[in-house]
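Below, each chain spelled out in residue letters.
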Amino acid sequence: MDYKSWSLEIEILLEQKQILGIVDGTEEAPDAKDGAEFKTWKKQHGIARSTILLAMERSLQQQYGVQKDAKALWDQLKENYKSKVKQNV
């Protein structure tokens, strides 16, 4: 996987869906007591996570699909592929 190109494409897709903040950490989950606001965030979180996973090869989906938090998934991918990107440079 060409992580650098792939991650840029996914960032653009998440930005288009107005959910990039969920994975880049600029939009935190509201308190669950906030009812409707939390429900909206939870739906957007699911869209962010599924967008990332659906853009992966099947074998990677199985490997990373256990991660239920979209931001943690994004951060894990970045960490795992950061060293590979450096090696290729």
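The rules behind the values
- Residues numbered from 1 in each chain as written.
- Predicted model: local features only at pLDDT ≥ 70, side-chain atom pairs only at ≥ 80, totals over all residues.
- Heavy atoms only, no water.
- Helix = DSSP H or I, 4+ residues; strand = E, 2+ residues; numbered from the N terminus.
- Expected span 1.5 Å × (residues − 1).
- Buried < 20%, exposed > 50% of the residue type's maximum accessible area, 1.4 Å probe, protein only.
- Arc of directions from axis to C-beta.
- Core = buried A, V, L, I, M, F, W, Y, C linked by side-chain atoms within 4.5 Å.
- Contact = heavy atoms within 4.5 Å.

Peer 1: Help me out: how do you make sense of helix 1 (residues 3-16) in this one?
Peer 2: It helps to recall that an α-helix has 3.6 residues per turn; residues three or four apart then point in one direction. Compared with an ideal rise of 1.5 Å per residue, which puts 14 residues at 20 Å, helix 1 spans 20 Å between its outermost C-alpha atoms and is within 8% of the ideal. Regarding helix 1, the residues found buried are Tyr3, Trp6, Ser7, Ile10 and Leu14. End-on view of helix 1: buried residues confined to an arc of 95 degrees, all on one side of the axis. The outward face of helix 1, more than 90 degrees from its buried face, is lined by the exposed residues Lys4, Glu9, Glu15 and Gln16. Where helix 1 ends, the next residue or the one after it, Gln18, has phi of about 60 degrees, a positive value.

Peer 1: How should the nonpolar core be read in this particular structure?
Peer 2: For soluble globular proteins, the rule of thumb is that nonpolar side chains tend to be buried together. The biggest cluster of nonpolar side chains holds 20 residues, and the ones touching the most others in it are Trp6, Leu14, Val23, Ile52, Met56, Tyr64 and Leu77. Elements with a contribution of two residues or more to this core: helix 1, helix 2 (20-24), helix 3 (36-54), helix 4 (58-64) and helix 5 (70-88). Of the residues forming this core, the biggest block, 5 residues, is contributed by helix 5. Setting aside its immediate chain neighbours within four residues, Leu14 contacts Ile19, Leu20, Val23, Ala48, Thr51 and Ile52.

No statement about biological role is implied by the geometric values presented.
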